[in-house]
Amino acid sequence: LPQNHTVCVCVFVLHRMLLRLLLPALASSHAFPTSSFLASNGALSLYFRRCFQGTSREQTGQVQQTLWKPVSRRGIGLHSGEDAVLRLMPALAGKGRVFACCSQKEEIVPVLMSSVRSTTLSTCLGVGTAIVRTVEHLLSALEGLGVDNCRIEIEGGNEVPILDGSAMPWVEAIEEAGICAAVNDAGNEVPRRAVVIHKPLQVSMGDSFVAAFPSSQSRITYGIDFAQVHAIGSQWFSFIHCDSLAFKVEIAPARTFGIFEQVRLNSYGMLALSKEVHWTMLWFVAWKRAG
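Since the structure is predicted, the reported quantities are computational estimates derived from the model, not experimental observations. (Residues numbered from 1 in each chain as written. Predicted model: local features only at pLDDT ≥ 70, side-chain atom pairs only at ≥ 80, totals over all residues. Heavy atoms only, no water.)

**Student:** Looking at this structure, how should I read the sheet that holds strand E10 (residues 130-133)?
**Tutor:** Through backbone hydrogen bonds, the strands of a sheet pair up, either in parallel or in antiparallel fashion. As summarised here, the arrangement of the 3 strands in space is E8-E9-E10, forming an open sheet in which the pairing is antiparallel. Looking at which strands have only one partner, the edges of the open sheet turn out to be strand E8 (116-118) and E10. Sheet twist, expressed as the mean angle between neighbouring strand axes with direction ignored, is 35 degrees. Relative to strand E9 (residues 124-127), E8 runs antiparallel, the two being bridged by 2 bridges. What sits directly across from Val116, in E9, is Leu125. (Pairing = 2+ DSSP bridges. Helix = DSSP H or I, 4+ residues; strand = E, 2+ residues; numbered from the N terminus. Axes fitted to C-alpha atoms, helices over the stretch in contact; angles between N-to-C directions.)

**Student:** Please explain the state of the cysteines as it appears in this structure.
**Tutor:** Chemically, a disulfide is nothing more than a covalent bond linking the sulfur atoms of two cysteines. Evaluated as defined, the whole model comprises 0 disulfides. Unpaired in this structure, Cys102 has its nearest cysteine sulfur neighbour in Cys101, at a distance of 7.2 Å. (Disulfide = S-S within 2.5 Å.)

**Student:** Is there a simple way to think about empty space enclosed by the protein in this case?
**Tutor:** A water-sized probe rolled over the atoms picks out the places where empty space is left. In total, this model carries 2 cavities of 30 Å³ or more according to the counting rule given. Lining the second largest cavity are Thr134, His137, Leu138, Val160, Pro161, Ile162, Ser166 and Trp170. Here the residues of the lining of the second largest cavity sort into 5 nonpolar, 3 polar and no charged. (1 Å grid on protein atoms, 1.4 Å probe; cavity = no way out; pocket = protein on both sides within 12 Å on 5 of 7 lines; lining within 4 Å. Points joined across faces, edges and corners; volume = space filled by probe spheres on them. Nonpolar A, V, L, I, M, F, W, Y, C, P; charged D, E, K, R; others polar.)

**Student:** I tried to follow unusual backbone geometry on my own but got confused; where do I start?
**Tutor:** A negative phi angle characterises most non-glycine residues, just as the trans form characterises most peptide bonds. The phi dihedral of Thr134 is positive, around 55 degrees, even though this residue is not glycine. By the element assignment, Thr134 lies in the loop between E10 and helix H4 (136-144). Residue classification places Thr134 among the buried residues on the basis of a relative accessible area of 5%. Positive phi outside glycine occurs at Leu163, with the angle close to 55 degrees. Structurally, Leu163 can be placed in the loop between strand E11 (150-155) and helix H5 (168-177). (Buried < 20%, exposed > 50% of the residue type's maximum accessible area, 1.4 Å probe, protein only.)

**Student:** Would you mind going over the sheet that holds strand E5 (residues 83-90) with me for this structure?
**Tutor:** Strand order in the open sheet made by the 5 strands is E4-E5-E11-E6-E7, with mixed pairing throughout. Strands with a single pairing partner mark the edges of an open sheet, and in this sheet they are strand E4 (71-76) and strand E7 (107-110). The sheet shows a mean angle of 20 degrees between the axes of neighbouring strands, direction not considered. With 4 bridges joining them, strand E6 (residues 97-101) and E7 adopt antiparallel strand pairing. Across the sheet, the residue bridging to Phe99 is Val109, located in E7. The sheet strands contacting H4 are E5, E6 and E11, and the helix crosses E6 at an angle near 145 degrees. (Contact = heavy atoms within 4.5 Å.)

**Student:** Looking at this structure, how should I read the nonpolar core?
**Tutor:** In globular proteins that are soluble, nonpolar side chains generally tend to be buried together. In this structure, Leu88, Phe99, Leu138, Ile152 and Val160 are the most contacted members of the largest nonpolar core, which totals 38 residues. Mapped by element, the contributors of at least two residues to this core are E5, E6, E10, H4, E11, H5 and helix H6 (244-250). The dominant element in this core, judged by the number of residues it contributes, is H5, at 6 residues. With near-sequence residues (within four places) excluded, Ile152 lies in contact with Leu86, Arg87, Leu88, Val98, Phe99, Ala100, Leu138, Leu139 and Leu142. Formed by 7 residues, the second largest nonpolar core is a distinct cluster that contains Tyr222, Ile224, Phe226 and Ile259. (Core = buried A, V, L, I, M, F, W, Y, C linked by side-chain atoms within 4.5 Å.)

The following block contains the structure:
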């Protein structure tokens, strides 16, 4: 969220780590995340038009940004077990964030709300036959550091590498590449726009909801009630996105989590014993023992 974006988000979610979904969804579509069944519903566009009446897209006083130079990382997909190379590339202003799947023929998946295929255990984007899985940590890092335009190439698989299970390795990769103003085809800088909320909004499903209210600052408040894992339990966290440093310190180090039963359920598809997900597995074991 831009520094001067007047929005306050209040979140209470049961049995779900919504922070890993919230920032990339805001970044890619200027809307809020929804469930997988809504994403596959033909009425999705109408649903969101109704939900977001009372909002407008306005200039922030900032210009769009991109990467200064390419940077790459290689790792294992948490759910697929596939080894993949991911390259972050500079992009022209106005191009947004797009995935390019390069394993066989190149297929493009734009980071849009309409591209969401599933949010079960991870966020999956797809267009046609092209699918990109577990995008949340990378997209969160791009948004948190203010990278509006980026071409994301994946080769060797269709899942973003899990790395250490947080957004921090992607923050470090982006810092290695550097950030600069993005220009369009004519060589001109382009203003950054953001959604401004004029009245309260809410999207809900079951016992989970996301609500947004007009505010003088960008604040995200998140609550979780994860009773089946005592080490997590009930928690609240509030974050003011004032700059990229705040994101790097307070949000990026947070790791994904799961429960022991999920590890057993996914053991055939997830390379659970690889070095790449070693720390994630240690967290699973620690929480299981704590329970």
